[in-house]
Structures are given as structure tokens and as C-alpha cells.
Amino acid sequence: MNRKIETFAFLSSGTPDSDEAAEELIKTYGQSDARDADVIVALGGDGFMLQTLQHYMNQGKMIYGMNRGSVGFLMNEFNSTGLKDRVEAAQSETIRPLKMVAESVEEGTVTAFALNEVSLLRQSYQAAKIRISVDDQVRLEELICDGVMVATPAGSTAYNLSAQGPILPLDARLLALTPVSAFRPRRWRGALLPNKVTVRLDILEPEKRPVNAVADHTEVKSVLSVTIEEASQLRATILFDKNHSWNERILKEQFLY
């Protein structure tokens, strides 16, 4: 997709490498206010990209990332030359976050959004016991585990993948429901769900087996229940180099061994 790009806003994650890259790029291309720039360029790793996408959600901004961190699955390779041509030819992908509503013993009702995943994790040495419902129908009466998560396609290559969850193409209308170290039922490996469903996770024996919930960078302690659904009204646009698209990365990742 070709687009006309005139102005950039360069954002650094604050690491020395990111700051140095930002200084170099600003000297070459200038610096505009993020509210007025044609494209926002995020310099850092995947964590900083997620923060940037969340901050500019629903503002009609295109975010182009260049890797200056330790992890960069959502980022393009760093190169200070030819940036205008690269961005103009880049492919755009729309990302929609998950909405988490958590009921907590300590904090009451907490709402947060996640571009990667909403995860529940045991808080103590005791394994968690969790009941899983999908669209108000109980699908698993009791999952005994270290945790469980619901991941977006964008988040399927992050924590979800490390927990042996499936990798999802970015345009897949699916969510990955993935257990973390499931003890019972031992052979349950999770489920692929349509992105229109509502998932409810109820904590069984919450006093004996406390569980925390995390939506990207928001953590809620001692939850009683968590409801998760796609926030279809919210969206962010991410740009990938034409020769290094998200779908190509997904294919490569699945053939690594």
C-alpha cells in the first residue's frame, strides 16, 4: 500500500540505544508533534510498541516500530536510511484489544484493555482452580493450573506461544484460550474461540488459592472473577515493512525448530 508521508514523530523507549536512534532520525527527518505527524515511529521493543499503540488507540494514527530492544516481533528492523520510502510502502494491520473486567477482593471492579493477552496467574504455592464459561455456558467446570490466558492474534506470539498456545494470523477472527501448566485435566491444551464471544473465568476457592489478573501492563490482585471480550470499537494501526509482513513472520515462526 502506497501512502504519502511528510512528517514523523519519533518516540524513544528511553534506553540508550533508543535515544541514540531517535536523535539520529530527528536530525535526518525532523520531528513533529505526535498529534500532527503522519506517522509515529516507536523506537524500542515489543513492550514499548504495545504502550504506544495503547496510548494512541482510536486516534487514527499509524504506528511504525523499529527494533531497539531485546524483543521485536512487532517491530521492523532498524535502519536510518530510506525511512520515508519504507513507511510509504509498508503494509498496515488493524489490531483490536481485549477488554477485561475483573472483580477483585481488594480493588472492586477494575476495567483494563490488553493488546496482547489477559492472563490469570496463581498468587501462591497453591495451584489455581478456575471455572471457564463461554457466552454464559460453562465449558470447563474446574481447571487446576498455574494460570490461563486469552490472547489476541497480535499476542499469540508472546506469552501465549511460550505456554504452547497456537500462533494466530493477525487477520484471524479468533482468540486463543490457553492454560498455563495445566494439572487437571492434564491433556487439555486450550481452545480457539471466535472473537465475538465473552469469556468468564471464575476463581474457585479464592481465599485458599488466590489469583491475580493481568491485562498487558495492568495487574489486579486477588480476583474473584474476570470477564474478557474483544473491544471491537477500539482499534490501532500498525505498519510492517512490505518484505517483512506480519503474515510472513507468522509462517517463519511456525517452521522454526
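To keep things clear, this report deals only with the structure shown in the data block. Counting restarts for each chain: residues are numbered from 1 in the order of the written sequence. Local features in this predicted model are restricted to residues whose pLDDT is 70 or higher, and side-chain atom pairs enter the listing and the counts only when it is 80 or higher, whereas totals over whole chains, interfaces and linings include all residues. As a convention, hydrogens and water are excluded, and side-chain values are obtained from all of the structure's heavy atoms.

Quick notes on the overall build of the chain
Next, step 1: Numbering of helices and strands starts at the N terminus; helices are DSSP runs of H or I of at least 4 residues and strands are runs of E of at least 2. Broken down by element type, the chain carries 5 helices and 17 strands.
Next, step 2: In the chain, buried positions account for 49% of the 257 residues.
Next, step 3: Intrachain contacts of the chain at a sequence separation of at least 6 include 68% that bridge at least 24 residues.
Next, step 4: A total accessible area of about 12,500 Å² is found for the chain, and carbon and sulfur atoms account for 47% of it.
Next, step 5: In this tally, Asp and Glu contribute negative charge and Lys and Arg positive charge; neither His nor the terminal groups of the chain are included. To locate a charge, take NZ of a lysine, CZ of an arginine, CG of an aspartate or CD of a glutamate. One finds the centroid of the 28 positive side-chain charges in the chain at a distance of 6 Å from the centroid of its 34 negative side-chain charges. The buried label applies to any residue whose accessible area, calculated with a 1.4 Å probe on protein chains only, is under 20% of its type's maximum; exposed applies above 50%, and partly exposed to all values in between. What makes two residues a contact is simply this: any of their non-hydrogen atoms within 4.5 Å. Computed with a 1.4 Å probe, the accessible areas rest on the Shrake-Rupley method; for each residue, only the protein chains presented here act as cover.

Let's talk about the side chain of lysine 61
Next, step 1: Mapped onto the fold, lysine 61 is located in the loop between helix 2 (46-55) and strand 3 (62-67).
Next, step 2: Only one rule defines a salt bridge in this text: a Lys or Arg side-chain nitrogen within 4 Å of an Asp or Glu carboxyl oxygen. We note that lysine 61 is buried and unpaired, the nearest opposite charge coming from aspartate 36 at a distance of 6.1 Å.
Next, step 3: Looking at lysine 61, its side chain comes within polar contact range of the main-chain oxygen of alanine 34, at 3.3 Å.
Next, step 4: Any N or O atom pair separated by 3.5 Å or less is treated as a polar contact, with the protein-specific requirement of one donor-capable and one acceptor-capable atom, and with residues adjacent in sequence counted only for side-chain atom pairs. Here arginine 35 takes part through its backbone oxygen, which lies 2.9 Å from a polar atom of the side chain of lysine 61.
Next, step 5: In contact with lysine 61, not counting residues within four places along its chain, are Ala34, Arg35, Asp36, Ala37, Ile40, Tyr56 and Thr237.

Some points on the sheet that holds strand 7 (residues 117-122)
Next, step 1: We call two strands paired when DSSP finds no fewer than two bridges between them. Spatial strand order, 12-11-10-7-14-15: 6 strands in an open sheet with antiparallel pairing. Either end of the sheet is taken by a strand with one partner, and the two such strands are strand 12 (191-194) and strand 15 (218-220). Across the sheet, the mean angle from the axis of one strand to that of its neighbour is 15°, orientation sign disregarded.
Next, step 2: Relative to strand 14 (residues 211-215), strand 7 runs antiparallel, the two sharing 5 bridges. Within strand 14, the position partnered with leucine 121 by the bridge is asparagine 212. As a rule, the C-alpha atoms of each element are fitted with a line to give its axis, helices using only the stretch in contact, and angles between N-to-C directions run from 0 to 180 degrees.

Remarks on the pairing of strand 6 (residues 108-114)
Next, step 1: In this structure, strand 5 (residues 98-104) lies alongside strand 6, joined through 7 bridges in antiparallel fashion. Looking at the pairing, glutamate 103 lines up with threonine 109 of strand 6.
Next, step 2: Adjacent in sequence and paired antiparallel, strand 5 and strand 6 are bridged by 3 residues.

Brief notes about the pattern of salt bridges
Next, step 1: Under the definition given, this model contains 11 salt bridges.
Next, step 2: Across the salt bridge formed by aspartate 33 and arginine 35, the nearest N and O atoms sit 3.0 Å from each other.
Next, step 3: With a relative accessible area of 64%, arginine 35 lands in the exposed category.
Next, step 4: Close ionic contact of aspartate 202 with arginine 131 constitutes a salt bridge, the shortest N to O distance being 3.8 Å. In this pair, aspartate 202 is assigned in strand 13 (residues 198-204) and arginine 131 in strand 8 (residues 128-134), connecting sequence segments 71 residues apart.
Next, step 5: Classification of arginine 131 as partly exposed rests on a relative accessible area of 27%.
Next, step 6: Each of Lys129, Glu205 and Arg209 takes part in salt bridges that share partners, so that together they form one network.

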